[in-house]
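Each chain is listed here by its residues.
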Amino acid sequence: MITLKVVDRVEILSVMDNSIDVLMGSTPVAKRLKRGSDAHSKPQLRAEHGVSMLVTTYEEDKKDSFLFDTGVTIDGVLHNMDVLEIRGNELHAVVLSHGHTDHTRGLMGFIKRYGRPRVPIVLHPDAYLKRKNVQPDGHESEHIPPSRRDLEAEDVEIIEERGPTMVIGGRALVTGQIPRTTPFEKGSPRQVALIDGRWQPDPWIHDDQAIVINVKDKGLVVLTGCGHAGVVNTLKCARELTGVQQIHAVIGGFHLTGPIFEPIIAPAGSALKEFNPSIIVPQHCTGWKATHLIAREFADAFVPNSVGTTMLVGA
Ligand SMILES: [Fe+2]
């Protein structure tokens, strides 16, 4: 079992997500971006089909930050970081949830601007796999994975790990490969990967990993990128790795959108009830049907996200 340090509080700032609503009001959990009288003359935040979160933990007088995922365009996250006045050179790591383009494309832009002094990049080795989805009509959509050669050329520190990794001095856990145990979370059946020079079925996306943080008097905060491992498998894994049973918050993409994944909404929704999280923030690939179910069935826990919103957990 892994001993995860307990932090006083954590802030999760949505640097990139699929949607933005600048008019939503703040709540004790969700701090919305303040807009001054010059709001329309300044550069605007962008939303895109991708994820990026700035995670900042506080423990007494110690503050540590890292970036979880980097969005789908080369410049989108950098642009939003500028608008949000995030100083990239204060980050201690970049963690990739998996290799899909909508989580990794902004990485090289980030490294070119902030890669020195060395910021460790944490990823599962399968994140480098070249992949595509093949539809029944033969249509293919290809992913652009991060390139190990390009990363090495930038002389960054690369932490390639299949198992769990700690970042920011043991205050955040990167789960590594997540065991698939539920009967309904079965990965992406239409995905193939170029392995040993040949396109082969690769439904499981083993590189999919989550972030786990233990907040004092609250419990675990679990962040998913795309949730390809399944949100229920991910929460089970967070409990098993840390020995902490209380899931306080789950934030991120749950991958329940589109015809292949919608049948998972009902069983995942009822399994989620057993964890009874106080905060649920569906993002990105969760989809409107699952988001509606969460808003209805977890009315007190549901918090809608928007690019630029900071979720606040802890004292
Ligand atoms: Fe995604």
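Keep in mind that this is a model prediction, so the values were computed, not measured. (Residues numbered from 1 in each chain as written. Predicted model: local features only at pLDDT ≥ 70, side-chain atom pairs only at ≥ 80, totals over all residues. Heavy atoms only, no water.)

1. A look at the overall build of the chain
In terms of helices and strands, the chain carries seven helices and 19 strands. If one aligns the C-alpha atoms of the chain with their principal axes, the spans along those axes are about 55 × 45 × 45 Å. A total of 315 residues make up the chain; the buried ones form 55% of that total. Sequence-distant contacts, at least 24 apart, represent 76% of the contacts inside the chain between residues at least 6 apart. Carbon and sulfur atoms make up 51% of the accessible area of the chain, which amounts to about 13800 Å² in all. The averaged location of the 38 negative side-chain charges in the chain is 1 Å from the averaged location of its 34 positive side-chain charges. (Helix = DSSP H or I, 4+ residues; strand = E, 2+ residues; numbered from the N terminus. Buried < 20%, exposed > 50% of the residue type's maximum accessible area, 1.4 Å probe, protein only. Contact = heavy atoms within 4.5 Å. Areas by Shrake-Rupley, 256 points an atom, 1.4 Å probe, with all protein chains shown as cover. Lys, Arg positive; Asp, Glu negative; His and termini not counted. Charge placed at Lys NZ, Arg CZ, Asp CG, Glu CD.)

2. Considering the nonpolar core
Core analysis: the largest hydrophobic core is formed by 32 residues, its most contacted members being Val 222, Val 232, Leu 235, Phe 254 and Ile 280. When residues of this core are traced back to their parent elements, those giving at least two are strand E16 (219–224), helix H5 (231–242), strand E17 (247–253), helix H6 (265–275) and helix H7 (288–297). Ranked by the residues each element gives to this core, the list is headed by H5, at six residues. In terms of nonpolar packing, the next biggest core, distinct from the first, is built from 28 residues, Met 53, Phe 68, Val 174 and Val 281 among them. (Core = buried A, V, L, I, M, F, W, Y, C linked by side-chain atoms within 4.5 Å.)

3. Quick word on the pattern of salt bridges
Using the criterion set out here, one finds 18 salt bridges in the structure. For Glu 140, the salt bridge identified is with Lys 132, shortest N-O distance 3.1 Å. Using a relative accessible area of 41% as the deciding quantity, one classes Glu 140 as partly exposed. Residue classification places Lys 132 among the buried residues on the basis of a relative accessible area of 11%. When salt bridges with common partners are traced through the structure, they connect Glu 59, Lys 62, Asp 64 and Arg 171 into a single cluster. (Salt bridge = Lys/Arg side-chain N within 4 Å of Asp/Glu carboxyl O.)

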